[in-house]
Amino acid sequence: MPVDVWAIDGLTLSGLETRQTQAATVMADGTALGSRSGVRPGDPGLTVTLSGSTITVSAGVATVAYSAQGVYRAAFPTATAAGTVTAAHASLTRIDLVYLRIWDSTVDASGLYRADVVYLAGTPSSTPSAPTPAGTVVYMPLATITVPPSGGGSASVSTAVRPYTVAPGGILPAAAAPSNPYTGQYYDDGTGLRRWNGSSWRTVSPLTPQVSDQVGFPASPVVGNINTDFTSGEWPPLTVVVPPSGMVRITIGAAVNNTNGSTSTAWAVWRASGALTEGASEKVGVSAAGSRTYASRQVIRSGLTPGASLTITPQYNLSSAGAIGTVTRVSGGQLIVEPMPG
């Protein structure tokens, strides 16, 4: 069936035809003619704030998609009032919704043709959830408002429900993976760049390692004991966020000075938050006799909880020790904690 084309002189496209052709400029949602609704990444527009019980939505633009209808684009050049928060329930919490609505009578039979912001109060409950607009409604969520029971404090706004959209092939910032991905699609989950390889999401961006300063240790360390926090600020713990792969690589190294003719050994080890520790075979042993000796070791840990905070604490011990220039001492060391792609 022939269709009108955007844009050829002499053709007049209907609103539906225009919206459907414009869908080609927005990230797909995995369906024919479908697109992803959202605001532009980095755009502070259409944010919801509360002043007392008054709801205000800031100026901004958005793309709102609807099945088989292509994309609607709405621009609010000034801040818009969205009403007032309904009074709190006596004993139960409520979650309300603020959303951008497109009224298109050809779709919803509303008799209206416009865009506006709408406030919808939720239902008080011991396990509250945000409401969903009923019926045929072309809309995009902007924020939820959590309203505690009467006397339980002030209402609070969350814009986490506000989606983002980008051009086709663009990198989407999103806390959760996009649905219906295509092979080669990318998104940024906040800790790294992820790519869909046809069967799973893989982390492909370089992940920044945390690297300690190269540090020296006390002139007269304790022998035979694991010691932490040698002196304040000398070798502080390193903290990383576990990447989606659940894997980190930990590298620890140490240098030993020994002016004594007999061989002495120092151990550089690490401990992590929770139950994560190095095994006996993974400790770095540095032996020296009348010299300075260096050693390092890398350990990979997997199966960690993605998004969790992991703190690694360096430690050391010595089989014999003394003052600088006398016998064995750990003269320096370094710790590297590196998130790994999955």
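Residues numbered from 1 in each chain as written. Predicted model: local features only at pLDDT ≥ 70, side-chain atom pairs only at ≥ 80, totals over all residues. Heavy atoms only, no water.

**Regarding the sheet that holds strand E6 (residues 94–104)**
- In spatial order, the strands read E7-E6-E8-E9; together these four strands make up an open sheet with antiparallel pairing. Two strands close off the open sheet at either side, each with one partner strand: strand E7 (113–120) and strand E9 (156–158). Taking the axes of each pair of neighbouring strands and ignoring which way they run, one obtains an average angle of 20° across the sheet.
- Two strands pair when backbone bridges link them, and strand E8 (residues 138–147) and E9 are joined in this way by three bridges, in the antiparallel orientation. The residue bridging Ile 145 from the neighbouring strand is Val 157, located in E9. (Pairing = 2+ DSSP bridges. Helix = DSSP H or I, 4+ residues; strand = E, 2+ residues; numbered from the N terminus. Axes fitted to C-alpha atoms, helices over the stretch in contact; angles between N-to-C directions.)

**Quick word on the pairing of strand E4 (residues 70–76)**
- In terms of burial, E4 is largely enclosed, as five of its seven residues are buried.
- In this sheet, E4 lies alongside strand E3 (residues 60–66) in antiparallel orientation, the contact comprising seven bridges. Paired with Ala 62 across the bridge in E4 is Ala 74.
- What sits between E3 and E4 in their antiparallel hairpin is a turn of three residues, with Ala 68 showing a positive phi close to 70°. (Buried < 20%, exposed > 50% of the residue type's maximum accessible area, 1.4 Å probe, protein only.)

**Remarks on the pattern of salt bridges**
- By the definition in use, this model includes four salt bridges.
- For Arg 40, the salt bridge identified is with Asp 43, shortest N-O distance 2.9 Å.
- For Asp 43, a relative accessible area of 12% translates into the label buried. (Salt bridge = Lys/Arg side-chain N within 4 Å of Asp/Glu carboxyl O.)

**Digging into a nonpolar patch on the surface**
- A contiguous nonpolar patch, built from Val 5, Ile 8 and Leu 11 and spanning about 230 Å² of accessible area, is present on the exposed surface.
- On the secondary structure map, Val 5 appears in the segment before helix H1 (15–22). (Patch = residues over 30% accessible without salt bridge, like charges linked within 9 Å, V, L, I, M, F, W, Y side chains within 5 Å. Areas by Shrake-Rupley, 256 points an atom, 1.4 Å probe, with all protein chains shown as cover.)

**Some thoughts on the sheet that holds strand E11 (residues 186–188)**
- A sheet is described by the order of its strands in space; here four strands give the open sequence E10-E11-E12-E13, paired in mixed fashion. Bordering the open sheet on either side are strand E10 (172–173) and strand E13 (201–203), each of which pairs with just one other strand.
- Of the pairings in the sheet, the one linking E10 to E11 comprises two bridges and is parallel in character. Residue Pro 173 lies in a different strand from E11, and its bridge partner there is Asp 188.

**Here's the deal with the environment of Ala 81**
- As for its placement among the helices and strands, Ala 81 is situated in strand E5 (residues 80–84).
- The exposure class of Ala 81 is exposed, given its relative accessible area of 58%.
- Considering only alpha carbons, one finds Ala 81 and Ile 55, 26 residues apart in sequence, at a separation of 6.0 Å.
- When sequence neighbours within four positions are dropped, the list of residues in contact with Ala 81 reads Ile 55 and Val 117. (Contact = heavy atoms within 4.5 Å.)

**Brief notes about unusual backbone geometry**
- Residue Ala 7 follows Trp 6 across a cis peptide bond; omega there is -5°.
- With respect to the helices and strands, Ala 7 occurs in the segment before H1.
- Unusually for a residue other than glycine, Leu 33 sits at a positive phi of about 70°.
- Relative to the assigned elements, Leu 33 resides in the loop between H1 and strand E1 (48–51).
- Take Leu 33: its relative accessible area is 47%, and that puts it in the partly exposed class.

**Considering the confidence of the model for the chain**
- Here the chain averages 82 in pLDDT, and 75% of its residues register 70 or above.
- Between the elements of the chain, mean pLDDT differs from a low of 57, seen in strand E18 (residues 284–288), to a high of 98, seen in E6. (pLDDT = per-residue confidence, 0-100.)

**Topic: the environment of Gly 198**
- Relative to the helices and strands, Gly 198 is located in the loop between strand E12 (193–196) and E13.
- What makes Gly 198 partly exposed here is its relative accessible area of 42%.
- Along the primary structure Gly 198 and Pro 181 are separated by 17 residues, whereas in three dimensions their C-alpha atoms are 8.2 Å apart.

**So, the packing of aromatic side chains**
- Evaluation of the coordinates by the stated rule reveals three aromatic pairs.
- For the ring pair Tyr 187 and Trp 201, a centre distance of 4.8 Å and an interplane angle of 85° mean the geometry is edge-to-face. You can see Tyr 187 sitting in strand E11 and its partner Trp 201 sitting in strand E13, a full 14 residues away along the chain. Of the two residues examined, Tyr 187 and Trp 201, each falls in the buried class. (Phe/Tyr/Trp six-rings, centres within 6.5 Å; stacked < 30°, edge-to-face > 60°.)

**Topic: the nonpolar core**
- In this structure, Leu 46, Ile 55, Val 57, Val 98, Leu 100 and Leu 142 are the most contacted members of the largest nonpolar core, which totals 24 residues.
- Elements that contribute at least two residues to this core include exactly strand E2 (54–57), E3, E4, E6, E7 and E8.
- In terms of residues, this core owes the most to one element, E8, which gives six residues.
- Setting aside chain neighbours within four positions, we find Val 98 in contact with Val 48, Ile 55, Val 57, Ala 82, Val 118, Tyr 119, Pro 141, Leu 142, Ala 143 and Ile 145. (Core = buried A, V, L, I, M, F, W, Y, C linked by side-chain atoms within 4.5 Å.)

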